[in-house]
Amino acid sequence: LIAMCAPRPVFISEGSPLVEGRWVDDRGQFISEVSAGPVYRLLGKKDLGVTKMPPMGTPLLTGTLAFRQHHGPHTVVPNWPFFLEFAAKYFWPSAVK
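The present account deals with the structure reproduced in this document. (Residues numbered from 1 in each chain as written. Predicted model: local features only at pLDDT ≥ 70, side-chain atom pairs only at ≥ 80, totals over all residues. Heavy atoms only, no water.)

### Brief notes about helix α3 (residues 80-91)
Alright, step 1. If you check α3, its first and last C-alpha atoms are 15 Å apart, about what twelve residues at 1.5 Å a residue would give, namely 16 Å.
Alright, step 2. Buried residues along α3 sit against β1 (10-14) and β2 (65-69). (Helix = DSSP H or I, 4+ residues; strand = E, 2+ residues; numbered from the N terminus. Expected span 1.5 Å × (residues − 1). Contact = heavy atoms within 4.5 Å.)

### Let's talk about the pattern of salt bridges
Alright, step 1. Here the structure, examined in full by the defined rule, presents one salt bridge.
Alright, step 2. With a closest N to O distance of 2.3 Å, aspartate 47 and arginine 41 form a salt bridge.
Alright, step 3. In this structure arginine 41 comes out as partly exposed when scored by relative accessible area, which is 45%. (Salt bridge = Lys/Arg side-chain N within 4 Å of Asp/Glu carboxyl O. Buried < 20%, exposed > 50% of the residue type's maximum accessible area, 1.4 Å probe, protein only.)

### Some remarks on the side chain of threonine 64
Alright, step 1. Assignment of secondary structure puts threonine 64 in the loop between α2 (26-42) and β2.
Alright, step 2. Judged by its relative accessible area of 6%, threonine 64 falls in the buried class.
Alright, step 3. Not counting chain neighbours up to four residues away, the residues in contact with threonine 64 comprise Pro7, Arg8, Pro9, Val10, Tyr40, Lys45, Lys46, Asp47, Phe86 and Tyr90.

### Here's the deal with the pairing of β1
Alright, step 1. For β1, the tally of buried residues reaches four of five residues, placing the bulk of the element in the interior.
Alright, step 2. Two elements, β1 and β2, share five bridges in a ladder whose sense is parallel. Bridge pairing in β2 places serine 13 opposite arginine 68. (Pairing = 2+ DSSP bridges.)

### Quick look at a nonpolar patch on the surface
Alright, step 1. On the surface, a nonpolar cluster with roughly 400 Å² of combined accessible area is contributed by Val76, Val77, Trp80 and Leu84.
Alright, step 2. Judged by its relative accessible area of 37%, leucine 84 falls in the partly exposed class. (Patch = residues over 30% accessible without salt bridge, like charges linked within 9 Å, V, L, I, M, F, W, Y side chains within 5 Å. Areas by Shrake-Rupley, 256 points an atom, 1.4 Å probe, with all protein chains shown as cover.)

### Some details on the packing of aromatic side chains
Alright, step 1. All told, the structure shown has six aromatic pairs when counted by the stated rule.
Alright, step 2. With 5.1 Å between their ring centres and 70° between their planes, phenylalanine 30 and phenylalanine 67 make a pair best called edge-to-face. Of this pair, phenylalanine 30 sits in helix α2 while phenylalanine 67 sits in strand β2, and the two are 37 residues apart along the sequence.
Alright, step 3. Note on phenylalanine 30: relative accessible area 1%, which makes it buried.
Alright, step 4. Given the relative accessible area of 1%, phenylalanine 67 is considered buried. (Phe/Tyr/Trp six-rings, centres within 6.5 Å; stacked < 30°, edge-to-face > 60°.)

Dropping the structure here:
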């Protein structure tokens, strides 16, 4: 499904399974985004840039695909500043340095 979004930007935001329990498939969502990478590259866009899941709290924001997992429960609040940084490249490109 993520590949079907190509070439549009996609940001995956995750909470911690240590807080929420194992119903959160953080690894599966990360792998799904990595798997969409070849389609993004085919269309001239940048993928995540990695294939190994980063440590919790590490933002991956340099590509058209982005990912960040925060340490807390099910909420977007901790990832919101990172999403805004990512979205700024597309909504306000002249403002991004």
